[in-house]
Amino acid sequence: MKLTIADITKAYGGRAVLKDCFYEFKGQGAYALMGPNGCGKSTLLRICALLENPDSGAVIYSDGDAPLQQNIALKRRVTLVLPKTGVFNTTVFKNAAYGLKIRGMSHGEIEKKVDETLRFVGLEKKKNQHALTLSSGETQRLGIARALVLEPEMLFLDEPTASVDQENTEIIESIIKTMKKETRATVVMSTHDKDQAERLADVLLAIKDGALVERA
């Protein structure tokens, strides 16, 4: 699945955040979106994830040359993980299983997929723990698990290690590296950490004066 953003603009309170942004995300791998706080990274990710509309321009998902309708079927192929993951007042397992449950998957299938995903993010031993008792880093990993269990084709990570301790930062970075090898998802992550971007991404992007540019 390919994503093209064509001449995207967005303003808040009369201040332009994004100006005529154009880019094609194609193929698997990881893209890092860099820039200082307030430059429009989160806004662009929300627009790409079909959670917010641009003021002008178009967000086009396609299989080959055929554009896809922006319906529930497409939205289920795209997932955004926010920097402060909200969790439900229940166990880690039930948090990770929620998306599968509302899709009508059987209990056996849910248990298998959730167990595999919690193992992937290193939370298998906490599956029966109450999610509200997790550390901030563990909560972020749960947010990633909740996204990955749905097997998205486009995964957007908004500052995935923001306010996370060093140990969990290293775990999350390892998860992203493994995702590049073992899943079919295209990963687009925002970060203000240039070193992290260079460690994790195949392509470096930056928002500069509202425009999206590719960095060498």
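Residues numbered from 1 in each chain as written. Predicted model: local features only at pLDDT ≥ 70, side-chain atom pairs only at ≥ 80, totals over all residues. Heavy atoms only, no water.

Undergrad: Can you explain the sheet that holds strand β2 (residues 15-25)? Please cite residues and give values.
TA: An order of β2-β1-β4-β5 is seen for the four strands of this open sheet, with the pairing classed as antiparallel. In this open sheet, the two strands that pair with only one neighbour each are β2 and β5 (66-67). Of the strand pairs in this sheet, strand β1 (residues 2-12) and β2 are connected by seven bridges, and their pairing is antiparallel. Pairing of Ala-11 across the sheet is with Ala-16, part of β2. Sitting on the sheet, helix α1 (residues 41-48) touches β1, β2 and β4 (56-63), and the angle it makes with β1 is about 130°. (Pairing = 2+ DSSP bridges. Helix = DSSP H or I, 4+ residues; strand = E, 2+ residues; numbered from the N terminus. Contact = heavy atoms within 4.5 Å. Axes fitted to C-alpha atoms, helices over the stretch in contact; angles between N-to-C directions.)

Undergrad: Hey, could you go over unusual backbone geometry for me, with residue numbers and the actual values?
TA: Within the chain, Asp-20 stands out as a residue other than glycine whose phi angle is a positive 50°. Turning to its location among the elements, Asp-20 is positioned in strand β2. Here Glu-159, not a glycine, exhibits a phi torsion of approximately 45°, which is positive. Tracing the backbone through its elements, the reader meets Glu-159 in the loop between β7 (154-158) and α6 (166-182). Judged by relative accessible area, which is 11%, Glu-159 ranks as buried. (Buried < 20%, exposed > 50% of the residue type's maximum accessible area, 1.4 Å probe, protein only.)

Undergrad: Lay out the packing of helix α5 (residues 136-148) against α6 with the relevant residues and their values.
TA: Taken N-terminus to C-terminus, the directions of α5 and α6 make an angle of 20°; their axes are 9 Å apart at the nearest point. One finds that α5 runs roughly parallel with respect to α6. Every pair of crossing elements has a handedness; the one defined by α5 and α6 is left-handed. Counted together, Gly-137, Glu-138, Gln-140, Arg-141, Ile-144 and Leu-148 of α5 and Asn-168, Ile-171, Ile-172, Ile-175 and Met-179 of α6 form the full contact between these two elements. Its residues assigned to classes, the contact of α5 with α6 comprises six nonpolar, three polar and two charged. (Parallel < 35°, antiparallel > 145°, perpendicular 65-115°, else oblique. Left-handed = near helix turned anticlockwise from the far one by under 90°. Nonpolar A, V, L, I, M, F, W, Y, C, P; charged D, E, K, R; others polar.)

Undergrad: So what about the environment of Leu-51? Which residues, and what values?
TA: Mapping Leu-51 onto the fold places it in the loop between α1 and β4. In the structure, Leu-51 is positioned 28 residues away from Thr-79 in sequence and 9.8 Å away in space, judged by C-alpha atoms.

Undergrad: Any chance you could break down α5 for me, citing the residues and the numbers?
TA: Taking 1.5 Å as the rise per residue, α5 with 13 residues should run 18 Å; its terminal C-alpha atoms sit 18 Å apart, in good agreement. For α5, every residue scored as buried is listed here: Gly-137, Glu-138, Thr-139, Gln-140, Arg-141, Leu-142, Gly-143, Ile-144, Ala-145, Arg-146, Ala-147 and Leu-148. Elements in contact with the buried residues of α5: β6 (78-81), α3 (92-102), α4 (107-120), β7 and α6. (Expected span 1.5 Å × (residues − 1).)

Undergrad: Any chance you could break down the packing of aromatic side chains for me, citing the residues and the numbers?
TA: Across all of its chains, the model carries four aromatic pairs by this definition. Note on Tyr-23 and Tyr-31: the rings are 6.2 Å apart at their centroids and 85° apart in plane angle, and the pair reads as edge-to-face. Tyr-31 carries the same exposure label as Tyr-23, and that label is buried. Between Phe-88 and Tyr-98, the aromatic rings sit 4.9 Å apart at their centres with planes inclined by 50°, giving tilted as the arrangement. One end of the pair, Phe-88, is in the loop between β6 and α3; the other, Tyr-98, is in helix α3, with 10 residues separating them in the sequence. A network of ring pairs unites the aromatic residues Tyr-23, Phe-25 and Tyr-31 as a single cluster. (Phe/Tyr/Trp six-rings, centres within 6.5 Å; stacked < 30°, edge-to-face > 60°.)

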